[in-house]
Amino acid sequence: MRLVLTLLIALAGSTALAASPEDDYIAARDKAIADITAQESANTAIETIDAQNEKALADLQQRLATILGPLSVKDFPTTGTMNVQSLNASDIGFGMLDGLRYSQSDDGPSIVASTRGLTERWLKSKSAETEADFKLPTDIGAALKLDSFYTQAIGSDAAFSGTLDSSLKKPEGADMAIARLGGWTQDIGPIYDQHVVVAVVKGDRVLIAEAPASPAVPKIAACDSIWAAADAAAQKAQQADQGSDQDNPQASDPANAAWEKGDADYRACMAQRLPGDASFPALLKQAQDLADSMAGK
C-alpha cells in the first residue's frame, strides 16, 4: 500500500509540473528568437535566416491554433495567421502580441485573438521596458485604454493615435469591452482614415477587432482650423531656427512643441465635437456590433 501511495504521489507531482501548451509555445518562441539572434551574430546569410524565421512562425502558428481553436465570429474566417510578423529583432513586426489574426481582406476588418495568459505574459515583458514610449501596465484593462498597447500589440509600421473612447454595453458573459476610435500614422496631425477598434475579454480569451470606420469619420472645420494654426506656427518657428546652430539639439524644440500641442488640441476637439455629429450613432453601432459578435451574442 505504501508503494502504491508513493507512486500516486509521484504521478500527481509530475502532472502538476507538466508544461502547459502556453508554456510550450513560449519556450518554442523564445528558442526560435535566440536561434535567429545567434545566426545574425554569426553573419549567416539573410536567406537562411529568413527561411528559419518562416519555418518557426509556421510552427508557432500551429501551436496557437491548437491553443485557441477555431474562431467563431460572424463574417470572419475560422482559421487565422500569425499576428507576430517576425522573430528577428531586426525586423518590423517583431515583439507583437502572441496571437492569431483573422482578416476578412487585406484592408478590411480583422480580429486578433489571444489568451488571457499569453496577453498577461506579453504585458509583463512590456512593463519591463526602459523607454517610456514602450512601457505598458501589467493589468489588461488598463493597457487596453492606451494607444501604445495597440501600436505594439497589433500594429507594425505605424503608431495608433486615439481620437476618442466610446461607451459600450458590455455583452453578456464578457468580462470587459472597450471601444476606441483612432487611426494609424507615422506622423502627428489629423488622421482622416479612422478605424473602430474594439477589445473584448471573455473568460480566457482576449479579442481585438479593427475595422475601417463606417461611415467615414467626417472632417470638422473647427478642429481642422486648430491644426492649421498650429502647423503654421510650427513652420514659422522652424524657419526662424534655420539660421541657428544646427548642432544644437534644442534648435527645433519650439516647432516640435507647436506641432505636438496642435495634435493634442486637434484630437481633443474631435473628441468633444464628434459625438454631436450625425455620423456618430452609426459608429457606436458598428463598435457595439463588433463587441457583441466577438462575445458570441
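Nothing here was measured: the structure is a model prediction, and the numbers come from that model.

## Overview of the confidence of the model for the protein chain
Taken residue by residue, the protein chain gives an average pLDDT of 91. The fraction at 70 or more is 91%. Low pLDDT (under 50) marks residues 3-11, which in the prediction has zero contacts with non-local residues, meaning those over four places away or in another chain.

## Focus: the pattern of salt bridges
Tallied over the entire structure, the rule returns twelve salt bridges. Measuring nitrogen to oxygen at the nearest pair gives 2.8 Å for the salt bridge that ties Arg180 to Asp147. Residue Arg180 is located in strand β5 (residues 176-185), and its partner Asp147 is located in helix α6 (residues 147-153); the two are separated by 33 residues in the primary sequence. Looking at Arg180, the relative accessible area reads 8%, which means it is buried. Look at Asp147 and you get partly exposed, because its relative accessible area is 24%. With a closest N to O distance of 2.7 Å, Asp165 and Arg180 form a salt bridge. With Asp165 in strand β4 (residues 159-166) and Arg180 in strand β5, the pair connects residues that are 15 residues apart, well separated along the chain. Several salt bridges converge on common partners, so that one network encompasses Arg29, Asp30 and Asp98.

Criteria and thresholds
Residues numbered from 1 in each chain as written. Predicted model: local features only at pLDDT ≥ 70, side-chain atom pairs only at ≥ 80, totals over all residues. Heavy atoms only, no water. pLDDT = per-residue confidence, 0-100. Contact = heavy atoms within 4.5 Å. Salt bridge = Lys/Arg side-chain N within 4 Å of Asp/Glu carboxyl O. Helix = DSSP H or I, 4+ residues; strand = E, 2+ residues; numbered from the N terminus. Buried < 20%, exposed > 50% of the residue type's maximum accessible area, 1.4 Å probe, protein only.

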